[in-house]
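Residue strings, one per chain:
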Amino acid sequence: NDGYKLWLEYQKVSAPRLVRQYNEAISGIVVKSQSATLKIAESELRLALERMLDKKISPLNIAAHNAILLGTPESSAEIKTMLSSGNFSLGDEGFVIQSRRINNMTTTVIAANKDIGVLYGVFAFIRLIQTHQPINNLSIINVPKIKNRVLNHWDNLNRSVERGYAGISIWNWHTLPGYIDQRYIDYARANASIGINGTVLTNVNANSQVLTQEYLVKVKALADAFRPYGIKVYLTAKFSAPIELGGIKTADPLNQEVINWWKNKCREIYSLIPDFGGFLVKANSEGQPGPQGYGKTHADGANMFAGALEPYGGIVMWRAFVYDVRVQKEGEHFTEGSGGEHTQTIASGDRFKQAYAEFKPLDGQFKKNVLLQVKNGPIDFQPREPFSPLFGAMPQTPLMMEFQITQEYVGQSTTLAYLAPMFKECLDADTYSKGKGSTVARVIDGTIDGHTVSGIAGVANIGNDRNWTGHLFGQANWYAFGRLAWNYDLSPETIAEEWIRQTFNNNDAFINPVKRIMSASREAVINYMTPLGLNHIMGTSHHYGPAPWVKNAGRADWNPVYYHKADSVGIGFDRTKTGSDALAQYAPEVRQQWSDMNTCDYRYLLWFHHVPWNYKINTGSTLWNELCYRYQSGVDTVRWMQQTWDGLDNLVDKERFQHVRMLLGIQEQEAVWWRNACLLYFQTFSKMPFPPGFEEPYKDLSYYQSLKFPLAPGIGGNL
Ligand code: BDP
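Just so you know, these numbers come straight off a predicted model, no measurement behind them.

### Some details on empty space enclosed by the protein
- For the structure on display, the rule yields eight cavities of 30 Å³ or more.
- Considering only enclosed or pocket space, the second largest cavity measures out at about 130 Å³ in volume.
- A320, F321, A355, G377 and P378 are, among the 16 residues lining the second largest cavity, the residues nearest its centre.
- At the level of secondary structure, the elements contributing two or more residues to the lining of the second largest cavity comprise α10 (354–359) and β12 (370–375).
- Residue composition of the lining of the second largest cavity, by class: 12 nonpolar, two polar and two charged.

Right, dumping it as structure tokens:
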């Protein structure tokens, strides 16, 4: 088993009691429409049932005893009656699964207003059997909480993937449009099974070529393949495309020629792809061109796209990941660690504050079809960040969440780190924007501020590796992103258990230890990489491994020393009033939680305070000892994960067992490396000994500083 089938393996149910129960409840499938989506719903259900129940499932024409009836009011009179008699509020994507009597026959009805809801319902029904739940007396109503649930692929047209750790891009631009790889279909099935309804095919560091006719017909082929699965296609729009492709002298968003160019481009796109989703734009950030290059604002830029997309119902997802206000020359691209000449303007000396400083004043200036896409934290996808202060701060603008599923800063693909707890931590955080209970989740689903459009994006961890995600457990992060995007009330434990049952087996002796491994994994990574609120101390550019000593990168805020600020007194970034006062960007209740060094949650301590080495923090230890203890405990947890996995030898197939075992071996070495490198370096400031019982590093600091990683994956470029 090489993991290709993801969580859609549909293993045979073997427990006789369950087999009997399921067989009794299912005689066949009734579906009356020939729509592409309903056909897929029917064939997926048949495939799943035939594999899981090991019997032939026949299509039924009339409702027979124990039939499964699929459909919408349009396709079935029975469903029309059922949905009009109840108060279901299913919207366009919700579904109901109900056991009821129709014509005196016991029937399981999977119904929705629209075909896509039926497909979602089918996957939910399949999941019940995959996870060995009862299927009698069902009464399930399920509606997604967030409207646009989108994957962001940072895939380049040459198939390299920025921050990709699972091979090259699955989009084969060379063989498209003629060749529809089975992978595209399996990708769509997997996404539909967890409710993902959009995909941005291209990197945010964009290449305007994708907007040429040559590529658009390829994009159309993908859009056609994904459409029946409810997945809309989006593209990244390079701001300077009118110059690069249109031969216009400017990309000024208020210039009429530029406006017309984008209008015509949208007309062209929609003539090929009538349900094209819209654009994702990274502008005036890390060298990407944008409106500020023409003295215009982000709102001017976003609104130009919004205007061009509006007639067709498309949206603009405008990114708030900005930390640079310099005016770059056309076509110039720079990434961390490179970049040459530039001036630097960081809001009040703290990159933390930049996005808020630039965007908050624009609240109310965006057109209705613009969503502002905000990374979960204020810096950049660190293992733990406080929520971005933009959430709750722009009530007149729909804010979208951007999570990173690919593990750029979380150990990449050699690391088992289950990220649902990270996503959930942010979604559950209280912004207090409209009083207690104004969680980030309720900001982005639109309920707090009354927005009808809402969205959530995850930067994909998918590549052409056989198992899609490099590390098998990376699949769980893709899965968890989709499940939380649909329903952020699900717990990480519930999602982990679902995933394990569907991916591996339903054996408690396997499920429980694996669930424990997954639950502990992210905190372990935080502990051995960036405990107590440390962040951004990874190796320059590739971000693989520790490099807290780096201080010579092109910009101040590309340097780890900028983030940890270790000196002879202590360590951490003072963001209180005595420092950058970034805390002032949060609501008073939030500010209060973090502004006092004595009471600040230790998990965020060094995000907000410069803490003396011998200061007794609220865990009871001195800062230095606590730091040592955390690094060690991260390593210990990885060792425990290894032992626990080793004990599962005969409960899982050899191939997947060995895959995970070997990667855990690498992870253990990486954890030790992180601990040693960071503590040896920080010790040059604290000048304090390692606490008793601490495992002494076996190499000296200069060894760790000399390590180079020319082969580290994932940088990609923007070809
Ligand atoms: C950073 C990545 C960089 C991305 C950037 C972004 O290091 O590769 O281009 O985010 O989100 O995390 O635009």
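### A few points about the layout of surface pockets
- Reported here for the largest pocket is a volume of approximately 630 Å³.
- Lining the largest pocket are 28 residues, with D92, E93, N197, G230 and K232 sitting closest to its centre.
- Broken down by element, the residue count for the lining of the largest pocket peaks at three residues, all from helix α4 (residues 115–130).
- Within the lining of the largest pocket, the residues separate by chemical class into 11 nonpolar, eight polar and nine charged.
- There is about 350 Å³ of room inside the second largest pocket.
- Lining the second largest pocket we find 21 residues, and of these A124, R127, L128, R483 and E498 sit closest to its centre.
- If you list the elements that add at least two residues to the lining of the second largest pocket, you get β4 (95–102), α4, β6 (139–142), α5 (182–194), α13 (474–486) and α14 (492–503).
- The dominant element in the lining of the second largest pocket, judged by the number of residues it contributes, is α4, at five residues.
- Of the domains in this structure, domain 1 (16–142) and domain 2 (148–490) are the two that each give at least three residues to the lining of the second largest pocket.

### Quick look at helix α20 (residues 654–686)
- Helix length check: α20 (33 residues) gives 47 Å between terminal C-alpha atoms against 48 Å at 1.5 Å per residue, within 8%.
- Where α20 terminates, the next one or two residues include K687, which has phi positive at roughly 55°.

### Here's the deal with the nonpolar core
- In this structure, W645 and F682 are the most contacted members of the largest nonpolar core, which totals 232 residues.
- At 13 residues, the largest contribution of residues to this core is made by α20.
- By size, the runner-up hydrophobic cluster in this structure holds 12 residues, among which are V30, L69, I79 and V96.

### Overview of the confidence of the model for the protein chain
- Across the protein chain, the average pLDDT comes to 95, with 96% of residues at or above 70.
- Considering only residues more than four positions removed or in separate chains, one finds that residues 325–335, a stretch of pLDDT under 50, has 35 contacts.
- A low-confidence stretch, residues 337–345 stays under pLDDT 50, and its non-local contacts, those more than four residues away or across chains, total 17 contacts.

### Description of the domain arrangement of the protein chain
- Domain boundaries assigned for the protein chain yield domain 1 (16–142), domain 2 (148–490) and domain 3 (527–706).
- Each of domain 1 and domain 2 has a C-alpha centre, and these two points are 35 Å apart.
- With 13 residues of domain 1 in contact, the opposing surface of domain 2 contributes 14 residues.
- Interface area for domain 1 against domain 2, summed over the two sides, is near 1,100 Å², with a carbon-plus-sulfur share of 52%.

### Let's talk about unusual backbone geometry
- For the bond from L176 to P177, the omega torsion is 0°, close enough to zero to count as cis.
- Relative to the assigned elements, P177 resides in the loop between β7 (148–152) and α5.
- Positive phi, close to 50°, is recorded for N284, a residue that is not glycine.
- Relative to the assigned elements, N284 resides in the loop between β10 (278–281) and α9 (298–309).

### Details of the packing of helix α11 (residues 420–428) against α13
- Packing of α11 against α13 brings their axes to within 9 Å, and their N-to-C directions diverge by 25°. Between α11 and α13, the angle falls in the class roughly parallel. In this structure, the crossing between α11 and α13 has a hand that is right-handed. For the pair α11 and α13, the contacting residues are A420, F423, K424 and L427 in the first and N477, A480, F481 and L484 in the second.
- Split by residue class, the contact of α11 with α13 holds six nonpolar, one polar and one charged.

### Describing the site of the ligand
- In the vicinity of the ligand, 14 residues are found, and the nearest of them are E162, K282, R319, D380 and E408.
- In the model, an oxygen atom of the ligand is placed 3.0 Å from a nitrogen or oxygen of the N205 side chain.
- Isolated, the ligand exposes 320 Å² of accessible area, and the fraction of that covered by the protein chains is 97%.
- Per-class residue counts for the shell around the ligand are four nonpolar, two polar and eight charged.

### A look at the packing of helix α8 (residues 256–272) against α9
- Orientation of α8 relative to α9, taken along the N-to-C sense of each, is 40°, at an axis distance of 8 Å. Regarding the angle of α8 to α9, the classification is oblique. With respect to the hand of their crossing, α8 and α9 are arranged in right-handed fashion. For the pair α8 and α9, contact is made by V258, I259, W262, K263, C266 and Y270 and by M304, F305, A308 and L309, respectively.
- Residue composition of the contact of α8 with α9, grouped by class: nine nonpolar, no polar and one charged.

Rules of the game
Residues numbered from 1 in each chain as written. Predicted model: local features only at pLDDT ≥ 70, side-chain atom pairs only at ≥ 80, totals over all residues. Heavy atoms only, no water. 1 Å grid on protein atoms, 1.4 Å probe; cavity = no way out; pocket = protein on both sides within 12 Å on 5 of 7 lines; lining within 4 Å. Points joined across faces, edges and corners; volume = space filled by probe spheres on them. Helix = DSSP H or I, 4+ residues; strand = E, 2+ residues; numbered from the N terminus. Nonpolar A, V, L, I, M, F, W, Y, C, P; charged D, E, K, R; others polar. Domains from an automatic or database assignment. Expected span 1.5 Å × (residues − 1). Core = buried A, V, L, I, M, F, W, Y, C linked by side-chain atoms within 4.5 Å. Buried < 20%, exposed > 50% of the residue type's maximum accessible area, 1.4 Å probe, protein only. pLDDT = per-residue confidence, 0-100. Contact = heavy atoms within 4.5 Å. Buried area = accessible area lost by both parts, 1.4 Å probe. Axes fitted to C-alpha atoms, helices over the stretch in contact; angles between N-to-C directions. Parallel < 35°, antiparallel > 145°, perpendicular 65-115°, else oblique. Left-handed = near helix turned anticlockwise from the far one by under 90°. Near = heavy atom within 4 Å. Polar contact = N/O pair within 3.5 Å; in protein donor to acceptor, adjacent residues only side chain to side chain. Areas by Shrake-Rupley, 256 points an atom, 1.4 Å probe, with all protein chains shown as cover.

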